[in-house]
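Chain residues, written in single-letter form:
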Amino acid sequence: MRRAVRTASLALCAAALLVVPAPAGAAEPDLAELTARLDAATAETGRLAQELEQAAARDGGLRVQLDRLAEQVEDARLRVRARARAAYLATAVPAPLPRLVTALAAPDLRAHADAELARRGARAAVRAEQSLADAVGAQSEAAAELQRRADEHRARLRSSAEQALAAQEQARGLLARAEARLVVERAAATARRRAAELAQAQATVVRARRTLDTASAQLTVALTPAQTARSRRAAEREAPVVALAEAAGSGYPAGWGPSGTVLRGVASWYGPGFVGKPTASGSPYDPERLTCAHKALPLGTVVRVSREGRAISCLVNDRGPYVGDRILDLSRAGSRALGFDGVAPVVVEVLTPAA
């Protein structure tokens, strides 16, 4: 499914630079400044997510109208066919008047009456068919116009989503820097007696992460073409396992352990162009959940991926990557947690439920 070039847009790649530490020589802002910037970026992300959700609601309304109009057009076409069949039967079966003419009139008169009745029946059938055909045509034109509006709105929705994704990526970069700085500052908190300040910064970080996770979920739903019963069941089925993987940090998820199977190779990540689209399991792709794509491992497998001292666990719910000799396609959250953009060598441990 994940073919050709990965759709990691240039805008997001630029924003992703915020994930890594500030370049050498650049002064890293203090914790107060970082959390203030994080607060502002998170607020902007939340605003964009709400706007996107409203646009998605309008998009869904247009799709409902399209479905209803398509049903009306099909009903009209069925009526045209039924009317045409009835008209044909009416002209094919002799009516009482021709039979009366047959009994009372001369042969020439009977032929004339039969021809006239046939002509009238044919004209009536044509008028009836034309009337219904006009109705179908009008509805088809309305459907085409509605489809045009829906396509234009969908294009605007995608553009807004790209803006929202870029804002989220920037906020996530600030969040990572704030969390790292908070760890350092907390280590020196006792000597400096800054417990209250650090508690406030911690609250900002927690609030930002919650807001960003909500915004990511809103964006995923907004870009999901249709919430089918299958996609909902898949998302509900995967949610508990993904939650365990995310809660595990660099350790093994609760209830899971090594199976003994270890893979080594190059991993990549996929993001903006796939958000909301169904994965191989059926659930919509959310770049901020710890999921991944593999060509052969059974869907539902949990793997632990490590790189240069960092590790995460994630759920295999998609197929790919189909580029070169890459062995794994991580979600954006996964690549960010492992500290890379583009591609990187990784070690993949296949996990199994604990006995």
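No experiment lies behind these values; they were computed from the predicted model shown. (Residues numbered from 1 in each chain as written. Predicted model: local features only at pLDDT ≥ 70, side-chain atom pairs only at ≥ 80, totals over all residues. Heavy atoms only, no water.)

Which parts of the structure should I look at to understand a positive patch on the surface?
A cluster of basic residues, R230, R232, R233 and R237, forms a positive patch at the surface. Classification of R237 by relative accessible area gives exposed; the value is 52%. (Patch = residues over 30% accessible without salt bridge, like charges linked within 9 Å, V, L, I, M, F, W, Y side chains within 5 Å. Areas by Shrake-Rupley, 256 points an atom, 1.4 Å probe, with all protein chains shown as cover. Salt bridge = Lys/Arg side-chain N within 4 Å of Asp/Glu carboxyl O. Lys, Arg positive; Asp, Glu negative; His and termini not counted. Charge placed at Lys NZ, Arg CZ, Asp CG, Glu CD. Buried < 20%, exposed > 50% of the residue type's maximum accessible area, 1.4 Å probe, protein only.)

Sorry if this is basic, but what is going on with the environment of E44 here?
Here E44 shows up in helix α2 (residues 31-92). The partly exposed category is assigned to E44, whose relative accessible area is 33%. Along the chain, E44 and A164 lie 120 residues apart, while their C-alpha atoms are 8.8 Å from each other. (Helix = DSSP H or I, 4+ residues; strand = E, 2+ residues; numbered from the N terminus.)

Can you walk me through the sheet that holds strand β5 (residues 326-330) in this structure?
Strands pair in a sheet through their backbones, by hydrogen bonds, and they do so in one of two ways: parallel or antiparallel. A barrel is described by the order of its strands in space; here six strands give the closed sequence β1-β5-β2-β4-β3-β6, paired in mixed fashion. Shown here is a sheet whose adjacent strand axes are inclined to one another by a mean of 45°, direction ignored. Where strand β1 (residues 256-269) lies against β5, four bridges are found, and the strand directions are parallel. Across the sheet, residue S268 finds its bridge partner in β5, namely D329. In this fold helix α7 (residues 229-247) packs onto β1, β2 (291-293), β3 (302-307) and β4 (310-318), with an angle of close to 170° to the strand it touches most, β4. (Pairing = 2+ DSSP bridges. Axes fitted to C-alpha atoms, helices over the stretch in contact; angles between N-to-C directions. Contact = heavy atoms within 4.5 Å.)

Explain the packing of aromatic side chains to me, please; I cannot follow it from the model alone.
Enumeration according to the criterion identifies two aromatic pairs in this entry. Between Y270 and Y285, the aromatic rings sit 4.5 Å apart at their centres with planes inclined by 20°, giving stacked as the arrangement. In this pair, Y270 sits in the loop between β1 and β2 while Y285 sits in the loop between β1 and β2, placing the two residues 15 residues apart along the sequence. Linked through ring pairs, Y270, F274 and Y285 together constitute an aromatic cluster. Sitting over the face of the ring of W269, R332 holds its NZ or CZ atom 4.3 Å from the ring centroid. (Phe/Tyr/Trp six-rings, centres within 6.5 Å; stacked < 30°, edge-to-face > 60°. Lys NZ or Arg CZ within 6 Å of the ring centre and 35° of its normal.)

How should I be thinking about the side chain of Q168 in this particular structure?
Locating Q168 in the fold gives a position in helix α4 (residues 107-187). In contact with Q168, other than residues within four places in its own chain, are T45, L212, A215, S216, L219 and E288.

Help me understand the nonpolar core in this model?
Side chains of nonpolar character tend, in soluble globular proteins, to be buried together. Ranked by internal contacts, the top residues of the largest apolar core, which has 20 residues, are V303, V305, L328 and L330. At the level of elements, β1, β3, β4, β5, α8 (332-338) and β6 (344-353) are the ones that each hand at least two residues to this core. Top contributing element to this core by residue count: β6, with four residues. In terms of nonpolar packing, the next biggest core, distinct from the first, is built from 16 residues, L165, L219, A222 and Y285 among them. (Core = buried A, V, L, I, M, F, W, Y, C linked by side-chain atoms within 4.5 Å.)

What is the right way to read the confidence of the model for the chain from this model?
Atom-level detail of predicted coordinates should not be read off regions where pLDDT is low. The pLDDT averaged across the chain works out to 77; a share of 67% of its residues lies at or above 70. Element-level mean pLDDT values for the chain span from 35 in helix α1 (residues 10-16) up to 98 in β3. Scored below 50 in pLDDT, residues 1-25 makes 51 contacts in the model with residues more than four places away or belonging to other chains. Confidence over residues 100-104 falls short of pLDDT 50; this stretch has four contacts with residues more than four positions distant or in other chains. (pLDDT = per-residue confidence, 0-100.)

Quick question: what am I supposed to make of the pairing of β4 here?
Residues in a regular strand point their side chains to alternate faces of the sheet. With respect to burial, β4 is a largely interior element, eight of its nine residues being buried. Inspection of the sheet shows β2 paired to β4 by three bridges, in the parallel sense. For C292, the partnering residue across the bridge sits in β4 and is V316. In this structure, β3 lies alongside β4, joined through six bridges in antiparallel fashion. Along β4, the bridge assignment pairs V305 with I312. Counting the residues that bridge the hairpin from β3 to β4 gives two residues, and of these E308 lies at a positive phi of roughly 50°.

Any chance you could explain the layout of surface pockets here in plain terms?
Vacant regions in the atomic arrangement are exposed by a probe of water-molecule size rolled over the atoms. If you add up the space inside the second largest pocket, you get close to 400 Å³. Around the second largest pocket, the lining is made up of 20 residues, and of these A235, S283, P284, D286 and R289 lie nearest the centre. For the lining of the second largest pocket, the elements supplying multiple residues, two or more each, are α6 (195-223) and α7. For the lining of the second largest pocket, the leading source of residues is α7, giving eight residues. Class assignment for the residues of the lining of the second largest pocket results in eight nonpolar, seven polar and five charged. (1 Å grid on protein atoms, 1.4 Å probe; cavity = no way out; pocket = protein on both sides within 12 Å on 5 of 7 lines; lining within 4 Å. Points joined across faces, edges and corners; volume = space filled by probe spheres on them. Nonpolar A, V, L, I, M, F, W, Y, C, P; charged D, E, K, R; others polar.)

So what exactly am I meant to see when it comes to α7 here?
Three or four residues apart is the spacing at which side chains of an α-helix point the same way, because the helix has 3.6 residues per turn. With 19 residues, α7 extends 28 Å from end C-alpha to end C-alpha; this agrees with the ideal 27 Å at 1.5 Å per step. Taking the largest bend as the criterion, α7 deviates by roughly 35°, centred on A239, and proline P240 comes between one and four positions later. Buried within α7 are the following residues: S231, A234, E238, V242 and A245. Buried residues in α7 make contact with β2 and β4. At the exit of α7 stands G249, carrying a positive phi of roughly 60°. (Expected span 1.5 Å × (residues − 1). Bend = angle between axes of the 7 residues up to and from the residue.)

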